[in-house]
Amino acid sequence: MEQAKLESKVLSILEDKIQLIKTSEEGGIYLVGPIRLPVNLYGETVVFRWYCWLQRDIITDDYEEIIEKLSSDNLAEYQQSSVLVYGDFEYNEDALIRMHSICHTGDIFGSKRCDCGFQLKQSMKMIKEHGTGALFYLANHEGRGIGLFSKAMAYVLQENGYDTVEANLNLGFVDDSRNYEDAIHVLKALRKKPVTLITNNPKKLEALKNSGMHLSGRTPLWGDVSEFNENYLKTKVARSGHLQEEEGCLNG
């Protein structure tokens with residue numbers, strides 16, 4: 001059955017909110033937004049601006065072609081990342097950002113095996129209190145890049161004495177295979193000024209520095225330590241090189 005052509009009014013509305021922000025031999029990154037998104041944050045309604053991006057193997061400024069393919073692409077079977085923006089992110093001199101890797105168990109179920117759910121909500125709170133910032137939610141980063149099913153198997157190994165790094169390695173993965181390139185392209189499309197990164201992870205700092213994005217500082221994010229995640233948090237420092245609170249930013 002042939003798909004009906006988009007109505008001109010619908011196309012006009014959508015074209016106003018979509019842009020091609022990066023091209024390469026692999027295709028292009030298309031960014032849609034901003035979209036007004038009221039969020040319940042610790043009992044307070046905070047209004048963010050939400051963007052989502054999509055990588056396609058075609059490069060075109062004919063956005064009708066991109067839009068018309070959505071219903072047949074079965075995107076629900078794949079992952080798309082997005083970003084929450086707060087305040088005057090483009091022009092404010094000082095902005096906080098968080099590159100947050102998806103954690104199905106921590107972000108959705110509130111699992112205490114990790115600190116991800118706490119870091120998600122706390123970084124949103126920090127951005128709101130700071131007045132300007134953005135939280136990038138990176139949907140292809142589950143289990144530090146191994147995927148949800150593999151993460152479940154890693155958890156089985158962890159329940160049998162392996163730490164989080166050993167579990168990934170014994171499943172044939174590297175400790176951390178996450179890539180921040182697309183998120184950084186989106187960041188550069190939304191802001192040219194320096195940013196302060198909310199992170200304990202030196203690899204995130206390195207990725208931003210190597211991209212040419214100027215860092216004005218680092219803000220650590222530790223908390224929600226419990227009997228369930230204490231060894232996991234210690235392993236992140238001892239095996240993955242995560243920075244303690246007293247260690248400064250890597251800006252030079």
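Numbering of residues starts from 1 in each chain and follows the order in which that chain's sequence is written. Owing to the predicted nature of the model, reporting of local features is limited to residues with pLDDT of at least 70; listing and counting of side-chain atom pairs is limited to 80 or more, with chain, interface and lining totals taken over all residues. Note: side-chain values were computed over all heavy atoms of the structure, leaving out hydrogens and water.

**Focus on the confidence of the model for the protein chain**
Argument step 1. Residues with a pLDDT of 70 or more make up 95% of the protein chain, whose mean pLDDT is 90.
Argument step 2. As a per-residue quantity, pLDDT reports the predictor's confidence and falls between 0 and 100. Throughout, a residue-residue contact means that at least one pair of heavy atoms, one from each residue, lies within 4.5 Å. Between residues 247-252, whose pLDDT stays under 50, and residues either more than four places distant or in other chains, the model counts 12 contacts.

**Observations concerning the nonpolar core**
Argument step 1. As used in this record, nonpolar core signifies buried Ala, Val, Leu, Ile, Met, Phe, Trp, Tyr and Cys residues forming a set joined through side-chain atoms within 4.5 Å. Three labels apply to residues, based on accessible area from a 1.4 Å probe with only protein chains included: buried if under 20% of the type maximum, exposed if over 50%, partly exposed otherwise in between. By size, the foremost hydrophobic cluster in this structure holds 27 residues, and its most contacted members are Trp53, Val83, Ile97, Met99, Phe136 and Leu187.
Argument step 2. Runs of E in the DSSP output that reach at least two residues are strands. Runs of H or I that reach at least four are helices, and both are numbered from the N terminus. Among the elements of the structure, β2 (27-41), β3 (44-56), β4 (82-86), β5 (96-101), β6 (133-138), α8 (181-190), β7 (195-198) and α9 (202-210) are those that each provide at least two residues to this core.
Argument step 3. When residues in this core are grouped by element, the largest group, five residues, is from α8.
Argument step 4. By size, the runner-up hydrophobic cluster in this structure holds 14 residues, among which are Val46, Leu120, Leu135 and Leu221.

**Digging into the pattern of salt bridges**
Argument step 1. Just to be clear on terms, a salt bridge is a Lys or Arg side-chain nitrogen sitting within 4 Å of an Asp or Glu carboxyl oxygen. Counted according to the given criterion, the structure contains 13 salt bridges.
Argument step 2. One salt bridge in this structure joins Arg56 and Asp73, with 2.0 Å as the shortest N-O distance. Residue Arg56 is found in strand β3, and its partner Asp73 is found in the loop between α2 (63-68) and β4; the two are separated by 17 residues along the sequence.
Argument step 3. Residue class for Asp73 comes out partly exposed when judged on its relative accessible area of 24%.
Argument step 4. The partner of Lys125 in a salt bridge is Glu129, and the shortest N-O contact between them spans 2.9 Å.

**Brief notes about a nonpolar patch on the surface**
Argument step 1. Here, patches come from residues exposed beyond 30% relative accessible area and free of salt bridges, joined within 9 Å for like charges and within 5 Å for nonpolar side chains (Val, Leu, Ile, Met, Phe, Trp, Tyr). Reported accessibility uses the Shrake-Rupley method at a 1.4 Å probe radius. Residues are deemed covered only where the shown protein chains occlude them. A grouping of Val10, Ile13 and Leu14 is seen on the molecular surface, where their side chains present a nonpolar patch of about 230 Å² in accessible area.
Argument step 2. Given the relative accessible area of 35%, Val10 is considered partly exposed.

**Description of the packing of aromatic side chains**
Argument step 1. A pair of Phe, Tyr and Trp rings is counted when the ring centres sit within 6.5 Å of each other, with Trp represented by its six-membered ring. The angle between the planes then sorts it: under 30 degrees is stacked, over 60 is edge-to-face, the rest tilted. For the structure shown, the criterion picks out three aromatic pairs.
Argument step 2. Taking 5.4 Å as the distance between ring centres and 55° as the angle between the ring planes, the aromatic pair formed by Phe48 and Tyr86 counts as tilted. Placement of Phe48 in strand β3 and of Tyr86 in strand β4 is noted, with a sequence separation of 38 residues between them.
Argument step 3. Judged by its relative accessible area of 19%, Tyr86 falls in the buried class.
Argument step 4. Only lysine NZ and arginine CZ atoms are considered, and such an atom sits over a ring when it is within 6 Å of the ring centre and within 35 degrees of the ring normal. Above the plane of the ring of Tyr155 lies Arg113, whose end atom (NZ or CZ) is 4.1 Å from the centre.
Argument step 5. The ring of Phe89 carries the charged tip of Arg191 above its face, separated from the ring centre by 5.6 Å.

**Let's talk about unusual backbone geometry**
Argument step 1. Here the amide bond leading from Gly33 into Pro34 is cis, since omega sits at 5°, within 30 degrees of zero.
Argument step 2. The backbone phi angle of Tyr42 is positive, close to 55°, even though this residue is not glycine.
Argument step 3. Along the chain, the position of Tyr42 falls in the loop between β2 and β3.
Argument step 4. The partly exposed category is assigned to Tyr42, whose relative accessible area is 49%.
Argument step 5. Notably, Arg144 is not glycine yet its phi reads approximately 60°, a positive angle.
Argument step 6. Here Arg144 lies in helix α5 (residues 142-145).

**As for the side chain of Ser123**
Argument step 1. Relative to the assigned elements, Ser123 resides in helix α4 (residues 116-130).
Argument step 2. Residue classification places Ser123 among the buried residues on the basis of a relative accessible area of 0%.
Argument step 3. When residues no more than four places from it in sequence are discounted, the contact partners of Ser123 are Arg98, Leu135, Ile198 and Leu221.

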